[in-house]
Structure formats: C-alpha cells, structure tokens
Amino acid sequence: MAEAILGDHDQYSCSICLELLRDPVTIPCGHSYCMSCINECWNTNDQKGIYRCPQCRQTFNSKPPLNRSTVLAEIMEKLRSTESAQSLAGPGEIVCDFCSGEMIKAVKSCLECRASYCETHVQLHYNVPALKKHKLVKAAVIPVCPKHDKLLEVYCRTDQKCVCMHCLLDDHKGHDTVPSTIERNEKQIKLTDTQTKVKQTIQAKEKELQKMKMDITSHSDSAKKAVENSKKVFSELVKLIEKRSNEVIEEIKAQEKADLDQGTKLQKKLEGEITELKKREGVLEDLIQTDDNIQFLQNYKSVSSSAGSDELQSFSFQPYCSFEDVRKLICELTGRLETTWTQEISKTINKVSDLATKRPPIDIVVGDKVRVKPSVVTPTHKWGSVTHLSVGVVKKIQGDLLTVDFPEQRNWTGVVAEMEYVTGAGSGPSSLDSVIKIGDKVRVKPSVVTPTHKWGAVTHKSTGDVKKIQGDSLTVDFPEQKNWTGIVSEMEIVASVGSGSSSLESVIKIGDQVRVKPSVVTPTHKWGAVTHKSIGVVQKIQDESLIVDFPEHKKWTGSVSEMELVTSADIVDIKVGDKVRVKSSIITPKHNWGGHVTHKSVGVVKDIKSEDVIVDFPNHKSWKGILAEMELVNYSDADISGSS
C-alpha cells in the first residue's frame, strides 16, 4: 500500500542525507527534510541569523519552527515496514556488520561506530538516546585516513582533499582547513546552482529538440509534396508528349488516306483503259483471223481507225507526302528532345543537389580544425599546397566560402560544403594517420579520454597490432580484446623499447627518472607546478597511476601512459647558441614542422622562453619548438647535415 502511495521513493527522500525522510519536518517554503538534517545544516551555517532552504534557496530572517509532519511520518513508517524484510547483499553491496550467518544487506553506516547496519540493527540508533547523536549515512564503505586510520572529518582547502584530525598536526599543519560539513554545504550550494543551470539547459535543449522534430517532420512533409508534385508534372509531361505524338500519327494517317484515294482513282482509270484495249485487241484478232477477203477489206478501215496510232496516256502513282521524310523528321525531333531533355533535367537535378551541398554545415565555426573531405577529388578553389592530410584552423567564414590557415598554406580559400570538422587536438591526419600501417604496434593516445568506439577491455596501457585499415577506421588485435575497432586519428605508434619512449610505461619502476611526454598537451591530473622540462623520481606505482617527486612539485600524481623514462643522455642542458635538431622519436612536433624543417635539419638556438625554443634553421628562420622535443647536435653531425 505504501508503495502505491509513494510511487517514486526519490521524491520523498531528504535532499540532504538522500534517504527516506525520518522525523520529517516541512519548512515555510514547502520543502521537507529530516529534522536532524535541517537542524545540522542550519547550525553549521556561517551566516548567523540567515537561514536558507537547501533546495530552493529561499531565505528566512529567523529560524522557522520545525514541527514534525505527522501524516508524512506515518507514511514513511508504513513504507519502512514494507521494506523491513531482510534482503541478501548482492555483489558490491555493503553487508551488515552485526548479522550472523547470511550476508544481509546494510542500509545505514554510522560514522561514529564505523560500522554498517541492516534495517533491524540500525533501529538502536533511532531509539537509544546516546546513539541518536551519531551521524548515520547511506550504507557505504566508511572512508578513513590511510595514515592514521581515523575518520575523515576535515577538508583541507590547500591540498583539496579530506583529512583526519591527526593530519592537521603534521602533513596539513597551517593549511586552510574547515569541517567537512561546512565544505559540503558550500559545495552543495554550488552544485545546486549548477544543477539548476543544467536543468535549465536541459529544458532549453528539449525545446530545441521539439522544434527540431517539428522542423524535420515539416521538412519530410515538404519532400513528400515535392515528390508528389514532380510525379504530377512529369505525368502531365508524358501525357502532353502522348497527345502531340497522337496528333502527328493522325496527320500521317490523313496524308496516307489522301494519297491512297488519289492512287485508287488512278488505278481504276488505268484498269478501265486496259479493259477497253483488250476489247479492241479482240476485234482486231477476229478480223485478222477471218478467211473472207471481202469482209476483211470492208471492215479494215473502221477497225484500223478505231485502233488508232495515237500515244496512250501514261499513269504513275506520285504521293504528295514522303513517309521516309516523315520518319527522318521524327528521328530528328527525338534527337533534339533527348538532347534538350538530358541537358535540362541534369540542370534541374544539379540545382536540387546544390540546394543541399551549398548549404554551410551548422557545426563548422571560426576557430574549428578542419580538413578537405576525402570525397572531394579537387576543391573548387584548387589544392595549392594543401592535401587531404592537411589540418588547418578556420579563420573566416563568409557565405559558402571559408578561409583556413593550414601549416602548408595560410589564408587558403575553400567551400564550406567541401570541408569536414576534425575532432581532438591531435586527431587530424597530419600527425600519425599517414604513418600507421597494417602490422604496426599501436595504442590509444593519452590525450583521448574516451575512444569514439568506446574502450571495451582496452586501456591506455594496452598495446596491439594493426590488423586492418579502412578509411579513418582501423582494427587492432590487443591481448585484452581481439578485433577492436578504433579511429586512426585516436591512435599512436608504439616503437620498440630501444627506439624511444613510446612503449616504456611497462618498463617504468619505482626510483626511475621520468618526465611528461612531449605529446601530452595536458596531463590527466593537471600540471600543477610541473612542465615538460621537469624531471622527477618515481615514488609509487599503482595500476595506471604513479606518484613522482619533482623538484618543483612533490608527490605529483600522473598516469603511467603519459610518462617517459629519462636516461642520462636525455638530461642535456640546451642553451642559446647550441646546435640542435628535432629528436628522431618525435613524429610531429607540437608546433608542427613548418615548410622545410625535417628530422635531418640542424639549426642554432636563438632564444629560450620557459619550455619554448626559437631555432634558426637554414631554410626556416625563427622556427618555434619545445625543449623536450629537441636534442643537441655535436659539431661533426652538424657539418654533415647542417644544410638539410
């Protein structure tokens, strides 16, 4: 019954302890809390005399009376009675420290007793006066100080961590510290504000989504109407062609009938003349065959005159219309129609296509990293020094055109529709994409927080063999996961142990000298006082994390995959005037190669500013790099390659 009344338990939970309300009280703004929770919240408030609701932030000038909400308390008790049946603890769940036999799930943990209790055993903390003062929290592993084995009750703002009371006397002596409850309240206020902003953002995004759905539906309906209209127009066009073709056929038939009528008349007339001639031929034949000379002579004159010697009229069929000419005319018309139709329909299709392809993608803005799409064979404004591998920064967008600064060519002009957005600081193909090939050993770059196709069983420490490359995707066999799919731009080549620092994380051990890899832009745990030039000693290694003592920063925390071993040969003091070159282990310098610098180029250090170094190369003056990527060149080497 209580379940049906309450529905979602979360809305009846105290927003301070996040548990079902116990001794619930309702303050004037309408929000309810556990009596002990709201009292403790207000008692620890720094601003005396001002009381705020932890949820809506409404302010009260005097402390409101806290009267127990009887009806709400009864509902809570009914719900607890339905949940009183003991349940076994599942994997990862906290077990009651006082239940014997079965592993019963704990519901509360006491920070004073440092023990966890099931629903039955926790009742003493609600009923015994001495135990009521103890701080109960949701069942969890109680955090204790690893050094003093004491409860963590204080927050050190200097080191941004929770400590025990004993820590205040040694490691954190003189630090800015406050009770954890005060720090929690301050941070909760900030989180509440952040939560409010997130909710507002969600609402705004939901409105955008709703509008987008409506726009998509409208666009789809518009497309359907366009299809229907096209079908109608083309059907009418077909009907028009059929109608006109029928008119031509009828005209041909009419001409045929007129010519045939004339031919029939001539034919009948010719047939009549032939009949008459045959009759006269019979008369002549009879006279010629007669034996009576007198009769022959008497009839000769009449017969011979009627036979006559005049030329007979000649007849021939000459039609007015030549249907062979008509066939030629139809063929010529068909050719012209096909040519015109092909040209015009192609223009129409291209214009329809242009409506989409010339529309600027909504995600490309000034400052984005872009490259030419692989599907573009030749850009509208030509390549110049740019290639498919080039990655540049958008400098200006004007209509369909954009201006991009590539390392190979500044102020390059292109068409927005021909470009694609490049994600990640090192995700452009200008770095490692063109180097990685089938059979190479690779790993996920330290700068990639989450791969596009997710981690699976793979980690930053995993090293695998490239099995297949197709476009921007590749398939890798890792020891932890076969046929893992990734993006080329998210991977880096792992060299052999003797060829550089790419695969040394498996070799790093306590006592080694290390530094942050040059390829790491920002370490996972931030820089602190450390830089790329800093060299420290490993103090502790645990899983993927390690603790390093740097001269600038003791007990610095980093990730193993972001570090590289430093040998005695690596510790070289580069100064102005030295001859240097880019280390062979560096695939792409942080500030790129420029147009003429290579691994063979040798230049003279012109200036050093913190981690940055300015070098004059023979073919590139004032080239900018970082010290960690450079190595000294002895004079014999410089003589050999100085002109590179």
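These figures come from a predicted structure and were not determined experimentally.

(A) Focus on the overall build of the protein chain. Within the protein chain, the secondary structure is distributed over nine helices and 30 strands. Considering the protein chain as a whole, with its 644 residues, one finds that 29% of them fall into the buried category. Pairs at least 24 apart in sequence give 50% of the contacts found in the protein chain among residues at least 6 apart. For the protein chain, the computed accessible surface area is about 40,700 Å², with 55% contributed by carbon and sulfur atoms.

(B) Inspection of the packing of aromatic side chains at higher detail. Within the structure shown, the criterion is met by seven aromatic pairs. With 5.0 Å between their ring centres and 10° between their planes, Phe 98 and Tyr 117 make a pair best called stacked. Of this pair, Phe 98 sits in the loop between α3 (70-82) and β5 (108-110) while Tyr 117 sits in strand β6 (residues 115-117), and the two are 19 residues apart along the sequence. Judged by its relative accessible area of 48%, Phe 98 is partly exposed.

(C) Geometry of the pattern of salt bridges. By the definition in use, this model includes 22 salt bridges. A salt bridge links Lys 187 to Glu 183; the nearest nitrogen and oxygen atoms lie 2.2 Å apart. One end of the pair, Lys 187, and the other, Glu 183, are both in helix α6 (residues 180-289), four residues apart, so they sit about a helical turn from each other. Among the residues examined, Lys 187 registers a relative accessible area of 35% and is labelled partly exposed. Owing to a relative accessible area of 6%, Glu 183 belongs among the buried residues under this scheme. For Lys 575, the salt bridge is made with Asp 578, and the minimal N-O distance between the two is 3.8 Å. One salt-bridge network, held together by shared partners, links Arg 157, Glu 183, Glu 186 and Lys 187.

(D) Highlighting the sheet that holds strand β18 (residues 473-477). Taken together, the five strands give an open sheet; going across it, the order is β19-β18-β17-β16-β20, and neighbouring strands pair in antiparallel fashion. Of all strands in the sheet, those bounded by a partner on one side alone are β19 (484-487) and β20 (491-493). Across the sheet, the mean angle separating the axes of adjacent strands is 50° when strand polarity is ignored. Judged from the four bridges that link them, β18 and β19 form a sheet pairing that is antiparallel. Bridge assignment links Leu 474 to a residue of β19, and that residue is Gly 486.

(E) Layout of the nonpolar core. Ranked by internal contacts, the top residues of the largest apolar core, which has 18 residues, are Cys 14, Ile 16, Ile 27, Tyr 33, Ile 38 and Trp 42. Top element by residues in this core is helix α2 (residues 35-43). It accounts for four residues. Once residues within four sequence positions are removed from consideration, Ile 27 is found in contact with Tyr 33, Trp 42, Cys 53, Phe 60 and Leu 66.

(F) Molecular detail of the side chain of Ser 534. Relative to the helices and strands, Ser 534 is located in the loop between β21 (513-516) and β22 (536-542). Within the local environment of Ser 534, its side chain forms a polar contact with the backbone nitrogen of Thr 531, the two atoms lying 2.9 Å apart. Among the polar contacts made by the side chain of Ser 534, one reaches the side chain of Glu 552 at a distance of 3.0 Å. When neighbours within four sequence positions are excluded, Ser 534 is seen to be in contact with Val 514, Arg 515, Phe 550 and Glu 552.

(G) Broad picture of α2. When α2 is considered as a whole, its buried residues turn out to be Cys 37, Ile 38, Cys 41 and Trp 42. An end-on view of α2 places all buried positions within 120° of arc, on one side of the element. Buried positions along α2 lie against β1 (24-26), β2 (32-34), β3 (51-52) and α6.

(H) How the structure looks around the environment of Val 372. Along the chain, Val 372 falls in strand β11 (residues 369-372). Along the chain, Val 372 and Gly 414 lie 42 residues apart, while their C-alpha atoms are 8.7 Å from each other. Not counting chain neighbours up to four residues away, the residues in contact with Val 372 comprise Pro 379, Trp 383, Val 386, His 388, Trp 412, Glu 418, Met 419 and Glu 420.

(I) Layout of α6. Between its first and last C-alpha, α6 extends 154 Å over 110 residues, near the 164 Å set by a 1.5 Å rise per residue. All of the buried residues in α6 are Ile 182, Glu 183, Gln 188, Thr 192, Asp 259, Gly 263 and Leu 287.

(J) Highlighting the state of the cysteines. The full count for this structure, using the stated rule, is zero disulfides. Cysteine Cys 99 remains unbridged, with the sulfur of Cys 96 as its closest cysteine sulfur at 3.6 Å.

(K) Here's a closer look at a nonpolar patch on the surface. Together, Val 248, Ile 330, Leu 333 and Leu 337 give the surface a local cluster of nonpolar side chains, amounting to about 300 Å² of exposed area. The biggest single contributor to the nonpolar patch is helix α8 (residues 323-357), with three residues. With respect to the helices and strands, Leu 337 occurs in helix α8.

(L) Fine view of the environment of Ser 314. Relative to the helices and strands, Ser 314 resides in the loop between α7 (293-307) and α8. With relative accessibility at 68%, the residue Ser 314 sits in the exposed group. Note: C-alpha distance between Ser 314 and Leu 270 (44 residues apart in sequence) is 9.0 Å.

(M) Spatial organisation of the sheet that holds β22. Strand order in this open sheet of five strands is β24-β23-β22-β21-β25, and the pairing throughout is antiparallel. The open sheet has two edge strands, β24 (556-559) and β25 (563-565), and neither has a second partner. Looking at each pair of strands side by side, their axes are set apart by 50° on average, direction ignored. Across three bridges, β21 lies against β25 in antiparallel orientation. The residue bridging Val 516 from the neighbouring strand is Met 563, located in β25.

(N) Region of the structure containing the pairing of β22. In terms of strand pairing, β21 meets β22 through two bridges, oriented antiparallel. Counterpart to Val 514 in the pairing with β22 is Gly 536. Two elements, β22 and strand β23 (residues 545-549), share five bridges in a ladder whose sense is antiparallel. Pairing of Val 538 across the sheet is with Val 548, part of β23. What sits between β22 and β23 in their antiparallel hairpin is a turn of two residues, with Asp 543 showing a positive phi close to 55°.

(O) Just the confidence of the model for the protein chain, in detail. On average, residues of the protein chain carry a pLDDT of 80, and 86% of them reach 70 or more. Note on residues 1-7: pLDDT is under 50 here. Beyond four places in sequence and across chains, it has 13 contacts.

(P) A look at the side chain of Asp 259. Examined against the element boundaries, Asp 259 turns out to sit in helix α6. Buried within the structure, Asp 259 lacks any salt-bridge partner; its nearest side chain of opposite charge belongs to Lys 257, at an N-O separation of 11 Å. For Asp 259, the contacting residues outside a window of four places in its chain are Phe 317, Pro 319, Tyr 320 and Cys 321.

Each value, and the rule that gives it
- Residues numbered from 1 in each chain as written.
- Predicted model: local features only at pLDDT ≥ 70, side-chain atom pairs only at ≥ 80, totals over all residues.
- Heavy atoms only, no water.
- Helix = DSSP H or I, 4+ residues; strand = E, 2+ residues; numbered from the N terminus.
- Buried < 20%, exposed > 50% of the residue type's maximum accessible area, 1.4 Å probe, protein only.
- Contact = heavy atoms within 4.5 Å.
- Areas by Shrake-Rupley, 256 points an atom, 1.4 Å probe, with all protein chains shown as cover.
- Phe/Tyr/Trp six-rings, centres within 6.5 Å; stacked < 30°, edge-to-face > 60°.
- Salt bridge = Lys/Arg side-chain N within 4 Å of Asp/Glu carboxyl O.
- Pairing = 2+ DSSP bridges.
- Axes fitted to C-alpha atoms, helices over the stretch in contact; angles between N-to-C directions.
- Core = buried A, V, L, I, M, F, W, Y, C linked by side-chain atoms within 4.5 Å.
- Polar contact = N/O pair within 3.5 Å; in protein donor to acceptor, adjacent residues only side chain to side chain.
- Arc of directions from axis to C-beta.
- Expected span 1.5 Å × (residues − 1).
- Disulfide = S-S within 2.5 Å.
- Patch = residues over 30% accessible without salt bridge, like charges linked within 9 Å, V, L, I, M, F, W, Y side chains within 5 Å.
- pLDDT = per-residue confidence, 0-100.
- Lys, Arg positive; Asp, Glu negative; His and termini not counted.

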